Amino acid sequence: MGRTVFMCLAAGAAVASVAAFAAQSSFGGGGGDDRAGKVVVQLPASPPPAGNPALVAVAPALADLSTSVGGFTYDWTALQAAIDADTEVPNGYFIVGNASDPDYLFAYEKGSFDIDRVTPLASASKWFAGALGMRMAEAGIVSLEDTMAPPLAFWTTSGTKKDVKLKHTLSMTSGFNANPLVGGCQLLPLMTLYNCAKDIHDFRYDILRPGNAPGAQFSYGPHGIQVAAAYLEAKDVSTAPGVVPTRQRNFHELFLQHVTAPLGMTNTTWYNPATGAPTNPWVAGGAFSTPRDYAKLLRAFLDGSFIVDMNAFTQQRTAGLTRLFIPAGAVNWEYALGSFVECDTPSDCAASKINSSPGAYGWTGWIDRETGYYALIATEISVGGDRKGVELEQVMQDLIETAIANRTPS
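This one's a predicted model, so the numbers in the text were calculated from it and none came from an experiment.

The rules behind each value
Residues numbered from 1 in each chain as written. Predicted model: local features only at pLDDT ≥ 70, side-chain atom pairs only at ≥ 80, totals over all residues. Heavy atoms only, no water. Helix = DSSP H or I, 4+ residues; strand = E, 2+ residues; numbered from the N terminus. Contact = heavy atoms within 4.5 Å. Areas by Shrake-Rupley, 256 points an atom, 1.4 Å probe, with all protein chains shown as cover. Pairing = 2+ DSSP bridges. Core = buried A, V, L, I, M, F, W, Y, C linked by side-chain atoms within 4.5 Å. Buried < 20%, exposed > 50% of the residue type's maximum accessible area, 1.4 Å probe, protein only. Polar contact = N/O pair within 3.5 Å; in protein donor to acceptor, adjacent residues only side chain to side chain. Salt bridge = Lys/Arg side-chain N within 4 Å of Asp/Glu carboxyl O. pLDDT = per-residue confidence, 0-100.

Draft legend 1. Highlighting the overall build of the protein chain. Along the protein chain, the regular secondary structure elements total 10 helices and 16 strands. Considering only contacts in the protein chain between residues 6 or more positions apart, those separated by 24 or more positions represent 71%. On the protein chain, roughly 15200 Å² of surface is accessible, and the fraction owed to carbon and sulfur atoms is 57%.

Okay, here's the thing in structure tokens:
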């Protein structure tokens, strides 16, 4: 099967600086009813945050070229050779697994990149937001059809903005159509998440683009998903245990409760652990994790018990919509809840079972529910990672499919 090479995927690497605001001027703002009128966003990769810690752990051995797992033997010679041949990824940790076997089918450290290295995820953070929203929906706390009021008490009751729903904010179809590099309160960690959502509500709804009603346009940017986080925090009424006076759980505590604790993800946070938890986390691109932790999430997605309605979670929600700001090369991909639906042509996306959430530093995880595997490229590339992560993913997908198809009984 042919693969569309995703030339440049970033949106989590924005910084609040004059340069970031100046960069906006190079991105057009139009968009017609067809895909020929789209604005392709090619985002420069920013250097990763300073002070990124790496946890001390025993270095894993390099993977054998063949592995025997779950009664089958897999030959990974071609996959490892392709990873080794890619000089643009000098350091990384690579994992392939399935839902039924606790052991990885393939695990390989290239250069120096420990399986427990805490790493900034950039836009790979977005899948966390989708997972949290879906988990809270399946717990009966929220519904994907919820509008933002009354939990967000400032939300308007007039105009198209009143119709923004949780599903819109998590699928980039909310009508908050900011350029992915645009500044804003999502980059101000000392605000509250609630007040940031109010700022976005008051000043960021794009009235300059006709037809930006919720569910009408797909625009890959930071603001809708920040609003989603504020809504989840405001909607939950559970209280933090052992806190006097009692208070509602904050966003970080909800993420722990619904995502990381159930999966045993002990080194995953929505902030640099060296700096502490902000009251206003950068939801679109501020999370940190390790290869070991992120693989647990991918395996849980593939398993189908962590999120029961995987069809609702992974289905395309942008088909046929006007496409405004999108990562360059993503012209054939659609968007779900925090993840892309990968396909070679737009018409293929309805049946696609491949979802991914790449980040600006090359970190790229994906699940293939048709072939039955998950995979992760864990790396940190300060220049060109937005392009390279998905380029390498496309190469790896064919090789993984071949290795699984040609497995032999042990």
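Draft legend 2. Main features of the sheet that holds strand E12 (residues 340–341). Pairing is antiparallel in the open sheet, where seven strands are placed in the order E5-E4-E15-E14-E13-E12-E11. Only two strands of the sheet have a single neighbouring strand rather than two, namely strand E5 (106–110) and strand E11 (334–335). Pairing between strand E14 (residues 364–368) and strand E15 (residues 373–378): five bridges, direction antiparallel. Paired with Asp 368 across the bridge in E15 is Tyr 373.

Draft legend 3. Molecular detail of the nonpolar core. Ranked by internal contacts, the top residues of the largest apolar core, which has 78 residues, are Phe 128, Leu 166, Tyr 294, Phe 301 and Phe 313. Apart from the residues within four sequence positions on either side, Phe 301 is in contact with Trp 127, Ala 131, Phe 306, Ile 307, Met 310, Phe 313 and Ile 367. Core analysis: the next-biggest nonpolar cluster, separate from the first, contains 22 residues, Ala 375, Ile 377, Ile 381 and Ile 404 among them.

Draft legend 4. Quick peek at the side chain of Ser 174. With respect to the helices and strands, Ser 174 occurs in the loop between helix H4 (166–170) and helix H5 (193–203). For Ser 174, the side chain forms a polar contact with the main-chain nitrogen of Phe 176, separated by 3.2 Å. If we skip the residues at most four places from it in the chain, Ser 174 touches Val 164, His 168, Thr 169, Tyr 205, Asn 212, Pro 214 and Gly 224.

Draft legend 5. Quick look at the pattern of salt bridges. One pass over the full model with this rule turns up 13 salt bridges. For the salt bridge of Asp 86 with Lys 388, the shortest nitrogen-to-oxygen distance reads 3.1 Å. Remark: Lys 388 occurs in helix H10 (residues 385–405) and Asp 86 occurs in the loop between helix H2 (77–85) and strand E4 (92–97); sequence separation between them is 302 residues. With respect to class, Asp 86 is no different from Lys 388; both count as buried. Between Arg 247 and Glu 253 there is a salt bridge; the shortest N-O distance is 2.9 Å. Given a relative accessible area of 22%, Glu 253 falls into the partly exposed group. Overlapping salt bridges bring together Asp 86, Glu 88, Arg 387, Lys 388 and Glu 391 as one network.

Draft legend 6. Spatial organisation of the confidence of the model for the protein chain. For the protein chain, the mean per-residue pLDDT works out to 86, and 84% of the residues sit at or above 70. Throughout residues 4–63 the model reports pLDDT below 50, and contacts reaching past four residues in sequence, or to other chains, amount to 172 contacts.

Draft legend 7. Spotlight on the pairing of strand E2 (residues 66–69). Because side chains alternate across E2, one face comprises the buried residues Thr 67 and Val 69, and the other comprises Ser 66 and Ser 68, none of which is buried. Bridge count for E2 against strand E3 (residues 72–75) is four bridges, and the pairing is antiparallel. If you follow Ser 68 over to E3, its bridge partner there is Thr 73.

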